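Examination of the molecular architecture
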Amino acid sequence: MERGEALSLDAIHPAAHPFVVAFLHHQFPRRPIAIVTAGVKTQENFHQDLATWMAVLSGEHRPLYFPSWDILPHETKLPHADVISERLETLVALSNRTEGERAEVIVSNIVALMQKTFPRGAIAERTRTIKRGEQINPLDLVEWLEDQGYEPEAQVNHKGEIALRGGILDIFPPTSPWPVRVEFFGDEIDSIREFDPNTQISKEPTDSITIPPAGELGILKKLVASDPSTRLATLLDHLPSDALIVLSEPDAIDQSAADYTAQVTAGDAFFMAWDQLRDEFRKRNLTVITLNDSATNSTGTELPSLSPDDETPLPISESVLELTSLDAFRPISDRAAELQIAEAQRREFFAQLHRWLRQGYAVHVFCNTDGERQRFLEVWAEIVGQAPSPALASAGGGARRTATAEGGCPTTHLGTLSRGFIDEQSKLVVVTDAEIFGRYKVQRPRRLKSPHAAASRSALDIDFTEFEEGDYVVHVQYGIGRFLGLQIFDQGAGRKPTERSKRTTGQECLAIEYAASDPEQPAPKLYVPVSEAHLVSKYVGAGKARPQLNTLGGARWAKTKAQAEHAVRDLAAEMLRIQAARESQAGFSFAQDNTWQREFEGSFVYEETPDQMRAIIEAKRDMETPKPMDRLICGDVGYGKTEVAIRTAFKAVMGGKQVAILVPTT
């Protein structure tokens, strides 16, 4: 590896690939590592497992995630904001890297590696730092932000958005976990604060903020259109010469590269072929490590490929390192086995764990939650008949094999891994919840795990398929109107007078017709941009009578809202009175989760979203209090809401209560 050779590891199970990369980072902390996977799903699983291993081995921060565009470069639309944010976060981290600090670990896929991006140094040129007390015109700053790909919106919800309201400018940089609120006093920056986009509550103030670009493909297209000779770069150009390139399953990578190449148009300026990238590996003298799960690697002898004028083969080293799966000891199928068979298989596997411990193996068990870890220890004590030591049961990554063997119990960790593996030579066994409970955990897509994903969807993602021309809709400010469909309008390209003449198309608006204040005049229309569509909802009224349309600027809608406010206050007062009476009475207090509850909940195969898990915890907490509980769990028909309801229902049944669950039959 230090000589820049190609190292081929051909007996590594895919579940152990992240472990090998984490070990490489532990051995070479000053050398950046770029991992290339075949697809998006494998990239997400690799990133998740690698984050767990890095935390265990080194206690380090999470690895970087470099995704591919979710569109083809020749399409008219732009990639998703989360995709651009993660790509730019990686490029910014590489551009800000200084000598001597621990290097970055980047998880990418072959398509992202083949897609070109900013040249090296362009990120620094498009990055700006603003400080408190600095003199700057807010409109000039907004214009510069728009040039860097920031989108003006009425309210900031996603990364890469800005919102200007008077002397307040909200900015959501792609590399920041929170948006930033910049307050101006004239042309002077008076304060800079982070804030929560959901509650709009400000956080701690800061003296400065670094603003990187928020766009990528759109800016690159403008650069190429203005100067066709512009030289773009790939992720390789942002890596130093001592970087390590890890190819996970090279056969699958070759197939994915061929599939993507077939979709790209000829002469695409944002595409670099896989053969060219392999030539770059050789020219840059990069160390290439292939991880494969076959005895012979059909593509290993071809990596990196040689240019036509170079006949000198690059030396390839082969290692005898073997990290195999646990399928021979714990077979797992897609269908759940019968209860008696599943229990017998689990007892046999726990007996095998005990045999490994007696033979001096280091057995490490990874559980997703503390409840799973507690359930594992209970099952271990029940099957093996040996109570674990509390100190060893909660040991971290620094626990040694001798201590584990003497304790008679595997070392447990809190972390998410896809599958386990075994290394016979070093006597290492890694076990996950899949082997313990005999089931796979279906991981949710990466975007659904975003902390602002649910709030952003509920606020901005409107299902326009529910609207048909002629339907009655309600605008929060103007009242009831008639929906006329979606229309596209031209929009200005900038704020400067010289830019106002430049127009671009693509601004979609909802056309809503209102009643005319003068019968002789045509009915006025209100055009609501799609970015503000969350202000419009479908009209829902009692009976089949057609509602009367409101007039723009009329007083009838304001009077209707005032009456509704009074009715809501009366209802709230009645609810407070009822709640006060209930608080004075004693309710049924359910016991805390027992063994059967945890066993039952362990049978769910889907990963919960943060909102679902919070609802589960809060519902259980209410059930365990001695006060009467009022909680309604509802939503669209989906797995998440059903799981929350079934978990709380099972807890109630275990407490001796009757439960009714209403399930739609459609």
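Here the structure is a predicted model, which means the values were calculated and not measured.

Moving on: the pattern of salt bridges. Taken as a whole and judged by the stated rule, the model has 22 salt bridges. Its salt-bridge partner being Asp 207, residue Arg 132 comes within 3.5 Å of it at the nearest N-O pair. Taken together, the residues Arg 132 in the loop between β5 (128-131) and α6 (138-147) and Asp 207 in the loop between β11 (202-206) and β12 (208-211) connect sequence positions 75 residues apart. According to the relative accessible area criterion, Arg 132 is partly exposed, its value standing at 48%. Measuring nitrogen to oxygen at the nearest pair gives 3.1 Å for the salt bridge that ties Glu 343 to Arg 346. With a gap of 3 residues between them, Glu 343 and Arg 346 both fall in helix α10 (residues 339-358), about one helical turn apart. On the accessibility criterion, Glu 343 (26% relative accessible area) is partly exposed. Each of Glu 343, Arg 346, Arg 347 and Glu 382 takes part in salt bridges that share partners, so that together they form one network.

Turning our attention to the sheet that holds strand β18 (residues 411-414). Across the sheet, which stays open at both edges, the 5 strands sit in the order β16-β19-β20-β17-β18 with mixed pairing between neighbours. Sheet topology places β16 (324-325) and β18 at the edges, where each strand pairs with a single neighbour. In this structure, β16 lies alongside strand β19 (residues 421-423), joined through 2 bridges in antiparallel fashion. Following the sheet pairing, Thr 324 is matched in β19 by Ile 422. The sheet contacts of helix α2 (residues 40-57) involve β17 (362-367), β18, β19 and β20 (428-431), and relative to β17 the element is tilted by about 125°. Together, β17 and β18 form the strand contacts of helix α11 (residues 370-383), whose direction differs from that of β18 by roughly 160°.

The next point concerns a nonpolar patch on the surface. Nonpolar side chains collect at one region of the surface, where Val 653, Val 659 and Ile 661 lie side by side and expose about 240 Å² of accessible area between them. By secondary structure assignment, the location of Val 653 is in helix α19 (residues 639-654).

The phi torsion at Asn 285 lies on the positive side, around 60°, for a residue other than glycine. Take Asn 285: it is sitting in the loop between α9 (274-283) and β14 (287-291). The exposure class of Asn 285 is partly exposed, given its relative accessible area of 45%. Located in the positive-phi region is Lys 427, a residue other than glycine, with phi close to 55°. Residue position: Lys 427 is located in the loop between β19 and β20.

As a further point, take the packing of α10 against α11. Running from amino to carboxyl end, α10 crosses α11 at an angle of 85°, the nearest separation of the two axes being 10 Å. Viewed along their axes, α10 and α11 adopt a mutual orientation that is roughly perpendicular. In this structure, α10 contributes Arg 346, Arg 347, Phe 350, Leu 353, His 354 and Leu 357 to the contact, and α11 contributes Arg 375, Phe 376, Val 379, Trp 380, Glu 382 and Ile 383. Of the residues assigned to the contact of α10 with α11, the class counts are 7 nonpolar, 1 polar and 4 charged.

What follows covers the sheet that holds strand β6 (residues 151-152). One open sheet holds the 6 strands; their spatial order is β6-β7-β8-β9-β10-β11, and the pairing between them is mixed. Strands at the two margins of the open sheet, each flanked by one partner only, are β6 and β11. Relative to strand β9 (residues 180-185), strand β8 (residues 168-171) is paired through 4 bridges, and the arrangement is antiparallel. Counted as the bridge partner of Ile 171 is Val 180 from β9. α6 rests against β6, β7 (161-165), β8 and β9 of the sheet, and its axis sits at about 160° to β7.

Attention now moves to the confidence of the model for the protein. Averaged over every residue, the pLDDT of the protein is 81; residues scoring 70 or more account for 82%. A low-confidence stretch, residues 451-460 (pLDDT under 50), is modelled with 18 contacts involving residues beyond four sequence positions or located in other chains. Counting contacts from residues 497-504, a segment whose pLDDT is below 50, to residues more than four positions away or on other chains yields 11 contacts.

Position of Ser 8 relative to the elements: it lies in strand β1 (residues 6-9). Separated by 281 residues in sequence, Ser 8 and Ile 289 place their C-alpha atoms 5.8 Å apart. Of note is the side chain of Ser 8, whose polar atom sits 2.7 Å from the side chain of Asp 10. Polar contacts involving the side chain of Ser 8 include one to the side chain of Thr 290, which spans 3.4 Å.

The next subject is the pairing of β8. Walk down a regular strand and you will see the side chains alternate between the two sheet faces. Taken together, the 4 bridges between β7 and β8 define a ladder with antiparallel strand orientation. Following the sheet pairing, Arg 165 is matched in β8 by Ile 168. Once β7 ends, the chain turns through 2 residues before running back antiparallel as β8, passing Gly 166 with a positive phi of about 65°.

If you look at the biggest cluster of nonpolar residues, it comprises 46 residues, and the most contacted ones within it are Ile 245 and Trp 274. Element by element, the count of residues in this core is highest for helix α3 (residues 81-95), at 6 residues. Residues Leu 24, Trp 53, Val 56 and Leu 417 belong to the second largest nonpolar core, which totals 29 residues.

This part is about the side chain of Asp 471. Residue placement: Asp 471 occurs in the loop between α15 (453-460) and β21 (472-475). Under the relative-accessibility criterion, Asp 471 is labelled buried at 19%.

With respect to the helices and strands, the residue Glu 435 is situated in helix α14 (residues 433-437). When the C-alpha atoms of Glu 435 and Phe 329 are compared, they prove to be 9.0 Å apart, with 106 residues separating the residues in sequence. The residues touching Glu 435, leaving out its near neighbours within four places in the chain, are Leu 326, Arg 330, Ile 332, Phe 349, Arg 419 and Gly 420. For Glu 435, the side chain forms a polar contact with the side chain of Thr 432, separated by 2.6 Å.

Conventions we followed
Residues numbered from 1 in each chain as written. Predicted model: local features only at pLDDT ≥ 70, side-chain atom pairs only at ≥ 80, totals over all residues. Heavy atoms only, no water. Salt bridge = Lys/Arg side-chain N within 4 Å of Asp/Glu carboxyl O. Helix = DSSP H or I, 4+ residues; strand = E, 2+ residues; numbered from the N terminus. Buried < 20%, exposed > 50% of the residue type's maximum accessible area, 1.4 Å probe, protein only. Pairing = 2+ DSSP bridges. Contact = heavy atoms within 4.5 Å. Axes fitted to C-alpha atoms, helices over the stretch in contact; angles between N-to-C directions. Patch = residues over 30% accessible without salt bridge, like charges linked within 9 Å, V, L, I, M, F, W, Y side chains within 5 Å. Areas by Shrake-Rupley, 256 points an atom, 1.4 Å probe, with all protein chains shown as cover. Parallel < 35°, antiparallel > 145°, perpendicular 65-115°, else oblique. Nonpolar A, V, L, I, M, F, W, Y, C, P; charged D, E, K, R; others polar. pLDDT = per-residue confidence, 0-100. Polar contact = N/O pair within 3.5 Å; in protein donor to acceptor, adjacent residues only side chain to side chain. Core = buried A, V, L, I, M, F, W, Y, C linked by side-chain atoms within 4.5 Å.

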